[in-house]
Structures are given as C-alpha cells and as structure tokens.
Amino acid sequence: MAGERYAQVHAQSIEERSSFWAEQARRIHWERPFEQVLDYSRPPFAHWFKGGLTNLAYNAIDRHLATRADQDALVYVSTETGQTHRYTYAQLYREVNRLAGMLTGLGVGQGDRVLIYMPMVPEAIFAMLATVRLGAVHSVVFGGFAASSLAARIDDARPRVILTADAGMRMGKVIPLKPLLDEALTLSDAPEAKVIVLDRGLAPDQPYKPGRDHDYARLRAEHMNAEVPCTWVESGHPSYILYTSGTTGRPKGVQRDTGGYAVALASSMEYIYCARPGDAWFCTSDIGWVVGHSYIVYAPLINGSTTILYEGLPTRPDPGIWWKLVQDYRVTGMFSSPTAVRVLKKQDPSWLTRYDLSSLRYLFLAGEPLDQPTSDWIASGIGVPVIDNYWQTETGWPILTAQPGIEDTPRKLGSPSFATYGYQLEIRDEASGQALGADQKGVLCIVPPMPPGCMSTIWGDDKRFVSTYFSTFEGDPVYTTFDWATRDEEGYYFILGRTDDVINVAGHRLGTREIEEAVQTHPNIAECAVVGVADALKGQVPVAFAVVKDIEAIADAARRGAHEAEVQKAVDRHIGAIGRPARVHFVTGLPKTRSGKLLRRSIQALAEGRDPGDLTTIEDPSALEQIRQALG
Ligand code: ATP
Ligand code: MG
C-alpha cells in the first residue's frame, strides 16, 4: 500500500479538512485573518479562506524583504538575445512598483483586467505581479498565439490595458508581436484598451497609435520612485484568467482565486517539490501555460526561492544548455515536460553528463503521459529521480504525484503515483457513474469540494463551469477530469488517455495510451499517436502514426511493411492482439498544440475522412499534412 506517512497526511487532508488547511494557511501572510476555512454553501463552488484579506504580490515579494532583500528572486537567461539579468527581491519589488504605478496611471484598479501578450522576459513577470498587486486580474496569452486566438481572449477578458513587446525570438529569428496585437485589436469587439509596448530593439520602426500605445521605458521613467501599496483583496477575489490548452476543443477560461491558490502553492513547494527558501528553482515551461503561472512565477517566489526564467530552446546553442544552467545556478529542483525531454532524447546523451549536476535533487515532469523509455532515459542520464505529475490548467497544481516532501514513496514506472493531499479521487464507471475498485478502468473524478488552488469558475460563465465539469453523472455532481484511469491494489494511479480517446474494439475498451506505450517499445519508434477509426465490423480499430528514429530503415515499401509487422507484433506481445493497430503509418512529426500536446482529435478526424476541426492552437500545420499524405 501507499506509504504510511503519506496515507496519514492524505486522510487528514480529507477527513479533517478545515484543520488541515487552516494549518497550511499559516504559510502565507493574511492582512486580516479568514473567518471560515471553507464556505461550501453553494456547491460546487468552493470559497476557501472566506473573509481573509491577502495579496499574491505581497506574498511573493514584500513579505521576503525583511529576510532576503539581497537574494536573487529572478534570474533571466536568454539564449535568443544573449542576455542575462538578475533581480534581487529588493529589485523585483522596485520594478513591480514602477509597473504598478504605470498601470494605475492608465486607469487600472481592483477587478480590472490586464492582458499580457509577451515573450519570456522579466517584464512579463513584473506585469503579472503588478496586476495582482493592484487587485486587478491578469490574462496571460501565450506569445506564440496568432491574432485570431489573441482576439478571442481579448473579447473574453475585455482588458483595460494590454502589455506586449515589439517582438519575441525563436531559434535566432525575430518574431514581431506588436503587429499581431494590432491585428487582433481590429478583429476584437472589446472596448479599446491602452497598450504598453516593451521595445526590445528587435523589430524597430513599428508604428504606435497615438493615445493608445505607450512605450514601456518612457512610462517607467515617469514612475521610477513609485510606491504602490498592495490592494488587500478577499481570498476568493480572482487573481487571473488562463485558458486551457485547447486540445479537445474551444479553450475554457479558467478563473483562479487569490488566497486558496497562494496556500496550495506554498504547501506544494515543501510537500511535493522539496524546495527550501533560498534554493534555486528552474521550471522550463512558458509563462503562457499553467505550469509557468504556478511554477515559474508564484510558487517559487512565495517560497522565497530564486526562480530561473529561460528564454530559448533546450537545444540551442547546444543540447547541454539546461544542464549548464543547473550547474551555474546550483539548481536544486527542476520542472519540465515529457515533450521537452523527448526533444533532448533525439540528441547525443553525453550532453546529460557534461555538467556538474550535484545540486539537483529532483526532476518533475507534467503535461502529458510520461512514457517509460523517456522516463528511464532521462532519469539514468542525469542521475536524479524523475517524478511524474498529473494535473490540469483547471486545478493549478498536481492532482496526482509522488509527494517526497511528505514521504519518499517508491515510484512505479508509468504511474504519477498517488492522489495529492487535498484531493479526494474516485474512478467512476462512465455509463453508470459507479465508483470502481482496483484495476478497473474508468473516468478519473474529483469528489468536491475541490481543494484550494483549483479553479473557482469559468470566467464570466458559472453555468458553463457546472455544465462542463460537474454534470457527467446526473444528480451526482463530481468534477470530471475527462481522463481515463486505473488504480492498482497498492493505490498507484495510471492515466490511460482522455475519455474521448478511448477505443472500443469489438466491445473491449482500450486507452490510446496503452497502445501507444506498446508501439513505443519498438526500438526505432521515437513517439507515436494511436487513434480509433470507425470500422464496420469491430466498431473501432486502432490506427497508429509513428515517428521513426532511423528513416532509412523504412526507405522502401518492403522495409516499411516489415517494420509495420514488427510494430504490430510488439503490441500483440504487450497488450494482446485486441490492441493491434490495423495500420501503422510512419511519419517524421506529429501534430501538436503549442503546449506540446498531441492533437489526437484532429488525427482521428482525418483518419475517418472528416474535417480536422478547430486548429487555432496547432504548432506546426505541416505535421497534419504528413498524416493526410500517409493516409493517402
Ligand atoms: P483542453 O482542456 O482545452 O482540451 P488540455 O486538456 O490539453 O486542453 P491542459 O489543462 O493544459 O489542457 O492539460 C491537461 C491534460 O493534460 C490532462 O487532463 C491530461 O489529459 C494531460 N496530462 C497532464 N499531465 C499528465 C500526466 N502526467 N500524465 C498523463 N496525462 C497528463
Ligand atoms: Mg482539458
């Protein structure tokens, strides 16, 4: 069974919910104490730490000034521009106050929205912190999104101010941002917002619209000495809006509270991430995603850590760059994604051992299934434990993870271990809604109330919040993750894929992930996608799209055929002939969202001869073209 100490803490977090979370709440500053740990009088809406007044920016910065003013709060490294900047907590305080002064000057007050469409630069973090300092609400839009996605988010949030930059940079190429914002603003029907443009000197001579557009540096110069007091907000006050990745359809605007989020993150830094104040922490995500919000910005700063903000690719100037940063800054904890590790896996493994990684204690990975070969490869390469985290934009922090800060339980490959404290989980039968036992496949659900840190609602749409997440089983409102899972006798969970992706072969229900794992056991397969395709006889049959490592090995039809048969045999061996893909198509890349998630829904549509649907979040449209060609 799960470790004793872990089990005890988890049980306490559910059975003695109020005292457990009241204790955790002592980790942050409350300007006025809360009256009630949880108000759950309006299910499924959970109001944590009701009546308490606090502020995210205060907890991330001001609170540390007495003890760590001269410690680095933020280290910015850009391998795109060659710049490195360090900001101590005292300097971070100054910059955030200046920006808060700039925002106030443009009319931003409590509850107003500020949209941040910026590359991975320190000013983006200043903007997030300045916004919450004022009790305003940020909406960070990933800098890789084009005008139409941006316009949709502007319409939804109706911001008073938008921050952007002249340009971002990727692989040494300048990618102008301001023109995309200009275009988005013409597409949007929200009232016109004021715009602050950070001129990085990358894309000169961009036109400014008089009265609307302001230069960051010029405004900053007017607010050099600004001291803007924190606006104390009630714990349930929204801190930000953030959209889900859009893997399964129209992105949902997740609204987060203030107090519950701060408490959940503060506790996670000790219980999950084993990070001590003063430690250096490196999260390789993007501030445009939830992992970036929680673990580049808020959690490490609330914890008093030094957070590393890295602008660039993991492979430039060479595939050792991340590990060089770990060495140079004595990083103790690192957070990344399986997608990113798979990028490194295509490189020479000796890059993993060229630097001194003795400071590093753990690598955490989240965002999509962590396959066994990838996990093994990185764990043995860098010599630290790799911990799989399973969570969603909606929850803001892990639902499933090992919690080595509570107890260092043994890990099982392919499993993100156990329910995080605070989460009461059930695996439910999709049809009957019944809670299932060990080794039975079903939908992973959270029994409400959701713990602190989880979404409060969908921005501006309480009804959609309830109907999307809590209405799968009639009369029994549990939160559905829409992920398919099992739990073994010892309490370890396994995520088998999204419920949409379950394949029904002649009455047998198979998770796409199970088949993908089996396909990936073939030594020449780097990555793969399996989808269910309608079949007159069997209902559905699995079809695989596999990325090959050695393209020569499938150079002609005969070799391709032999390869296909080998892969099918590998699946037979691992899950049985029932899971055998009817076809294995070989490609060199797979269509993914900008956050690195497989667009299985679009692949499936193509395989069934349908329209691939909404592609606004796709990273590389040519990957979809390859699928089309492979299908003939
Ligand atoms: P949308 O909800 O808009 O379709 P999305 O679900 O991809 O997009 P995110 O919130 O970024 O948006 O992703 C959460 C999902 O990612 C989870 O529901 C799960 O399917 C997958 N996921 C995240 N971490 C893991 C993990 N460790 N193992 C397996 N799957 C994971
Ligand atoms: Mg989702």
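Residues numbered from 1 in each chain as written. Chains lettered and ligands numbered in written order. Predicted model: local features only at pLDDT ≥ 70, side-chain atom pairs only at ≥ 80, totals over all residues. Heavy atoms only, no water.

**With respect to the site of ligand 1**
Thinking step 1. Taken together, 20 residues surround ligand 1, and among them T244, T247, T248, T393 and D483 come closest.
Thinking step 2. A distance of 2.8 Å separates a nitrogen atom of ligand 1 from a polar atom in the side chain of D388.
Thinking step 3. Interatomic distance of 2.6 Å between a side-chain N/O atom of T393 and an oxygen atom of ligand 1.
Thinking step 4. Look at ligand 1: alone it shows 640 Å² of surface, and the protein chains cover 94% of it.
Thinking step 5. Mapped by element, the contributors of at least two residues to the shell around ligand 1 are β20 (386-389) and β27 (493-498).
Thinking step 6. Across the shell around ligand 1, the residue classes tally to four nonpolar, nine polar and seven charged. (Near = heavy atom within 4 Å. Polar contact = N/O pair within 3.5 Å; in protein donor to acceptor, adjacent residues only side chain to side chain. Areas by Shrake-Rupley, 256 points an atom, 1.4 Å probe, with all protein chains shown as cover. Helix = DSSP H or I, 4+ residues; strand = E, 2+ residues; numbered from the N terminus. Nonpolar A, V, L, I, M, F, W, Y, C, P; charged D, E, K, R; others polar.)

**Here we look at the packing of aromatic side chains**
Aromatic ring pairs are described here by two measures, namely the spacing of the ring centres and the angle between the planes.
Thinking step 1. Taken as a whole and judged by the stated rule, the model has 39 aromatic pairs.
Thinking step 2. Between the aromatic rings of W21 and W48, the centroid separation amounts to 6.1 Å while the plane-to-plane angle is 65°, which identifies the pairing as edge-to-face. Residue W21 is found in helix α2 (residues 17-24), and its partner W48 is found in strand β2 (residues 45-50); the two are separated by 27 residues along the sequence. With respect to burial, W21 and W48 carry one shared label: buried.
Thinking step 3. Taking 5.0 Å as the distance between ring centres and 55° as the angle between the ring planes, the aromatic pair formed by F34 and F49 counts as tilted. Highlighted residues: F34 in the loop between α2 and β1 (36-42) and F49 in strand β2, separated in sequence by 15 residues.
Thinking step 4. Exposure remark for F34: the relative accessible area of 21% places this residue in the partly exposed category.
Thinking step 5. Ring-pair connections join several aromatic residues into one group, and the members of that group are F20, W21, W30, F34, W48, F49, Y271, W397, Y421 and Y423.
Thinking step 6. The lysine or arginine in question, R153, covers the ring of F145, its NZ or CZ lying 4.6 Å from the ring centre. (Phe/Tyr/Trp six-rings, centres within 6.5 Å; stacked < 30°, edge-to-face > 60°. Buried < 20%, exposed > 50% of the residue type's maximum accessible area, 1.4 Å probe, protein only. Lys NZ or Arg CZ within 6 Å of the ring centre and 35° of its normal.)

**As for the pairing of strand β24 (residues 442-446)**
Thinking step 1. Counting buried positions along β24 yields five of five residues, so the element is predominantly enclosed.
Thinking step 2. Direction of pairing for strand β23 (residues 425-428) relative to β24: antiparallel, over a ladder of four bridges. Bridging from a neighbouring strand, R428 pairs with V443 of β24. (Pairing = 2+ DSSP bridges.)

**Looking at the packing of helix α10 (residues 259-271) against helix α11 (residues 290-302)**
Thinking step 1. Here α10 crosses α11 at 80°, and the two axes come no closer than 9 Å. Taken as axis vectors, α10 and α11 run roughly perpendicular relative to one another. On α11, the residues touching Y261, A262, L265, A266, S268 and M269 of α10 are H293, S294, Y295, Y298, A299, P300 and I302.
Thinking step 2. Split by residue class, the contact of α10 with α11 holds ten nonpolar, three polar and no charged. (Axes fitted to C-alpha atoms, helices over the stretch in contact; angles between N-to-C directions. Parallel < 35°, antiparallel > 145°, perpendicular 65-115°, else oblique. Contact = heavy atoms within 4.5 Å.)

**Description of the nonpolar core**
A general tendency of soluble globular proteins is for nonpolar side chains to be buried together.
Thinking step 1. One finds L163, Y295, Y298 and F335 to be the most contacted residues of the largest nonpolar core, which totals 116 residues.
Thinking step 2. Considering every element that reaches this core, the biggest residue donor is α11, with nine residues.
Thinking step 3. Excluding anything up to four places from it in sequence, L163 contacts L99, L103, V114, L115, I116, Y117, M118, A127, I196 and Y216.
Thinking step 4. Core analysis: the second largest hydrophobic core is formed by 28 residues, V75, W322, V326 and W377 among them. (Core = buried A, V, L, I, M, F, W, Y, C linked by side-chain atoms within 4.5 Å.)

**Regarding the pairing of strand β11 (residues 194-198)**
Thinking step 1. Of all five residues making up β11, four are buried, and the element is well covered by its neighbours.
Thinking step 2. Relative to strand β12 (residues 213-215), β11 runs parallel, the two sharing three bridges. Each bridged residue has a counterpart across the sheet, and for I196 the counterpart in β12 is H214.

**Examining the side chain of Q255**
Thinking step 1. Summarising the element assignment, Q255 is placed in strand β15 (residues 253-256).
Thinking step 2. Using a relative accessible area of 10% as the deciding quantity, one classes Q255 as buried.

**What about the sheet that holds β24?**
Thinking step 1. Read across the sheet, four strands follow the order β23-β24-β26-β27 without closing on themselves; strand pairing throughout is antiparallel. Whereas interior strands pair on both sides, the edge strands pair on one side only; in this sheet they are β23 and β27. Taking each pair of neighbouring strands and ignoring which way they run, the sheet shows an average axis angle of 45°.

**Re the sheet that holds β11**
Thinking step 1. Strand order in the open sheet made by the eight strands is β12-β11-β8-β6-β7-β14-β15-β25, with mixed pairing throughout. What marks the edges here is a single partner per strand, and that holds for β12 and β25 (457-458).
Thinking step 2. With four bridges connecting them, strand β14 (residues 240-243) and β15 associate as antiparallel partners. Looking across to β15, one finds that I241 is bridged to Q255.
Thinking step 3. Contacting β7 (137-140), β14 and β15, α11 crosses the sheet at an angle of about 135° to β14.

**A closer look at the domain arrangement of the chain**
Thinking step 1. Domain boundaries in the chain define domain 1 (59-231), domain 2 (272-390) and domain 3 (504-631).
Thinking step 2. Computed from C-alpha coordinates alone, the two centres of domain 1 and domain 2 are separated by 25 Å.
Thinking step 3. Summed over both partners, the interface of domain 1 with domain 2 buries about 2,800 Å², with 64% contributed by carbon and sulfur atoms.
Thinking step 4. Counting across the domain 1 and domain 2 interface gives two salt bridges.
Thinking step 5. Between R316 and E80 there is a salt bridge, and its shortest N-O distance comes to 3.8 Å. (Domains from an automatic or database assignment. Buried area = accessible area lost by both parts, 1.4 Å probe. Salt bridge = Lys/Arg side-chain N within 4 Å of Asp/Glu carboxyl O.)

**Here we look at unusual backbone geometry**
Thinking step 1. Along the chain, P43 connects to P44 via a cis peptide bond; the corresponding omega equals 0°.
Thinking step 2. Relative to the assigned elements, P44 resides in the loop between β1 and β2.
Thinking step 3. Looking along the chain, the bond that leaves P448 and enters P449 is cis, with omega of 5°.
Thinking step 4. Counting through the fold element by element, P449 comes out in the loop between β24 and β25.

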